[in-house]
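# Structural characterization, general
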Amino acid sequence: MNRKNILLGVVGIILIWSFYGYLIREISYLEKNNLKLEREVKELEKEKSKRIYEYDLLMDLRKIEKEMNKNKNMIISEKINFFKIDENSF
């Protein structure tokens, strides 16, 4: 009986130890993938900010305003009038 209990204990310890080893390998694999994805996200964020900056340079509104004023004598209105639809008119 003692021999059987010891054998079951040893087999149980070996199974638990191998399961923990498996979990450690899986965790390290997932951490490597996580680091790789974080690097890709950082690169994509840099690319995004670069594109936003380039877009802002292209869309310089003051430049457009001056160009429209110079070429077509257009000005930006100081006052914009909005209208409202009366609900009773339907």
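Residues numbered from 1 in each chain as written. Predicted model: local features only at pLDDT ≥ 70, side-chain atom pairs only at ≥ 80, totals over all residues. Heavy atoms only, no water.

## A closer look at the overall build of the protein chain
For the protein chain, the helix and strand inventory stands at two helices and zero strands. By residue count, 0% of the 90 residues in the protein chain fall in the buried class. For the protein chain, the exposed area adds up to about 10,000 Å²; of that, 61% sits on carbon and sulfur atoms. (Helix = DSSP H or I, 4+ residues; strand = E, 2+ residues; numbered from the N terminus. Buried < 20%, exposed > 50% of the residue type's maximum accessible area, 1.4 Å probe, protein only. Areas by Shrake-Rupley, 256 points an atom, 1.4 Å probe, with all protein chains shown as cover.)

## Quick word on the packing of aromatic side chains
In total, this model carries one aromatic pair according to the counting rule given. The interplanar angle of 50° and the centroid separation of 6.4 Å between the aromatic rings of F19 and Y20 together place this pair among those described as tilted. For F19, a relative accessible area of 45% gives the class partly exposed. (Phe/Tyr/Trp six-rings, centres within 6.5 Å; stacked < 30°, edge-to-face > 60°.)

Purely spatial values, then, with no claim about function.
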